[in-house]
Amino acid sequence: HMSYTVLIPGGFKPPHKGHYDYIKYYLDNPQVEKVVLFCGDKERDGVTLEHTEKILEMYGLMSHPKLDYRRALVREGKKKNYTNPLADCFDWGDENTEHKFGLACSEKDAGYQVSFGDYFYGDKNYVVMPVFKMSDRLSSTDFRAALQNNESIAKFLPEGVSEERIRLLFKA
């Protein structure tokens, strides 16, 4: 059976249960050798990359043996420096010519999959990933709003993750 690497780009500010299920979907697939998760540093409404990393840790993902977590590369722009996790996925594909790989895909972001596939079309190592079907339409925007308005964040969290522990991260 063929094994391959799955590339996942994102901001995850903050990561919610939908992101957790999405990442776990690939980690739990026996054909997946490793998942490379690229995370951008763009802060959103006070949610930082450090918050994202701590939450992924609380979700138990950072210690998963198949997860290769990477901060997105800081790139130099004309106006300012920036990160682009999707560009990091393209770079990874260009540089790792000996691995079978593909871009993770949820129903929501199938467009990225198309441009990625067009770019790597004809590459013998490029694999079209199975599409993750989202069960709940959770959004990080709603998660941030709930945090800010002191509303319950339970629906945004994977089972067994303490709402209090997540809230504590934001009480600086």
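Quick notes on the rules
Residues numbered from 1 in each chain as written. Predicted model: local features only at pLDDT ≥ 70, side-chain atom pairs only at ≥ 80, totals over all residues. Heavy atoms only, no water. Helix = DSSP H or I, 4+ residues; strand = E, 2+ residues; numbered from the N terminus. Core = buried A, V, L, I, M, F, W, Y, C linked by side-chain atoms within 4.5 Å. Buried < 20%, exposed > 50% of the residue type's maximum accessible area, 1.4 Å probe, protein only. Contact = heavy atoms within 4.5 Å. Lys, Arg positive; Asp, Glu negative; His and termini not counted. Salt bridge = Lys/Arg side-chain N within 4 Å of Asp/Glu carboxyl O. Polar contact = N/O pair within 3.5 Å; in protein donor to acceptor, adjacent residues only side chain to side chain. Disulfide = S-S within 2.5 Å. Pairing = 2+ DSSP bridges. Right-handed = clockwise from strand over helix to strand, strands pointing away. Phe/Tyr/Trp six-rings, centres within 6.5 Å; stacked < 30°, edge-to-face > 60°.

Quick notes on unusual backbone geometry
Alright, step 1. The omega torsion of the bond from Lys13 to Pro14 falls at -10°, within 30 degrees of zero and hence cis.
Alright, step 2. Note on placement: Pro14 falls in the loop between strand 1 (4-10) and helix 1 (17-27).
Alright, step 3. In this structure, Asn150 is a non-glycine residue whose phi angle is positive, near 55°.
Alright, step 4. Considering the arrangement of structural elements, one finds Asn150 in the loop between helix 5 (140-148) and helix 6 (163-169).

Let's talk about the nonpolar core
Alright, step 1. Judged by nonpolar contacts, the single largest core of 35 residues is most densely connected at Val6, Ile8, Tyr26 and Tyr59.
Alright, step 2. It is helix 1 that contributes the most residues to this core, 5 residues altogether.
Alright, step 3. Among residues more than four places away in sequence, those in contact with Val6 are Tyr26, Val32, Lys34, Val35, Val36, Gly102, Ala104 and Met129.
Alright, step 4. In this structure, Leu7, Phe38, Phe90 and Trp92 belong to the second largest nonpolar core, which totals 12 residues.

Re the side chain of Lys66
Alright, step 1. Among the secondary structure elements, Lys66 is positioned in the loop between helix 2 (49-58) and strand 3 (67-71).
Alright, step 2. Despite its burial, Lys66 remains without a salt bridge, the nearest opposite charge being carried by Asp28 at 6.7 Å.
Alright, step 3. At 2.9 Å, the side chain of Lys66 forms a polar contact with the backbone oxygen of Leu27.
Alright, step 4. Reaching out from Lys66, the side chain makes a polar contact with the backbone oxygen of Val32 at a distance of 2.8 Å.
Alright, step 5. The residues contacting Lys66, other than those within four sequence positions of it, are Leu27, Asn29, Pro30, Val32, Glu33, Lys34 and Val35.

A word on the state of the cysteines
Alright, step 1. For the structure shown, the criterion picks out 0 disulfides.
Alright, step 2. Counting only cysteine sulfurs, Cys39 is the nearest neighbor of Cys89, a cysteine outside any disulfide, at a range of 11 Å.

Some words on the pairing of strand 3
Alright, step 1. Bridging between strand 2 (residues 32-39) and strand 3 involves 5 bridges; their strand directions are parallel. Residue pairing across strands places Val36 opposite Asp68, the latter belonging to strand 3.
Alright, step 2. Assessed by its sense of winding, the connection that carries the chain from strand 2 through helix 2 to strand 3 is right-handed.

So, the packing of aromatic side chains
Alright, step 1. Summed over the entire model, instances satisfying the criterion amount to 17 aromatic pairs.
Alright, step 2. Residues Tyr22 and Phe132 carry aromatic rings whose centres are separated by 5.4 Å and whose planes lie at 45° to one another, so their mutual orientation is tilted. Of this pair, Tyr22 sits in helix 1 while Phe132 sits in strand 8 (residues 131-132), and the two are 110 residues apart along the sequence.
Alright, step 3. Classification of Phe132 as buried rests on a relative accessible area of 9%.
Alright, step 4. A ring pair is formed by Phe116 and Phe120, whose centres lie 4.8 Å apart and whose planes are at 50°; its orientation type is tilted. Note on accessibility: Phe116 and Phe120 belong to one class, buried.

Some thoughts on the pattern of salt bridges
Alright, step 1. Scanning the entire structure with this criterion turns up 10 salt bridges.
Alright, step 2. Between Arg71 and Glu50 there is a salt bridge whose closest N-O contact spans 3.3 Å. Highlighted residues: Arg71 in strand 3 and Glu50 in helix 2, separated in sequence by 21 residues.
Alright, step 3. We classify Arg71 as partly exposed; its relative accessible area is 45%.
Alright, step 4. The partner of Arg75 in a salt bridge is Asp88, with the nearest N and O atoms 2.6 Å apart. With Arg75 in strand 4 (residues 74-76) and Asp88 in helix 3 (residues 85-95), this residue pair connects regions lying 13 residues apart in the sequence. In this structure, Arg75 and Asp88 share a single accessibility class: buried.
Alright, step 5. Each of Lys34, Asp68 and Arg70 takes part in salt bridges that share partners, so that together they form one network.

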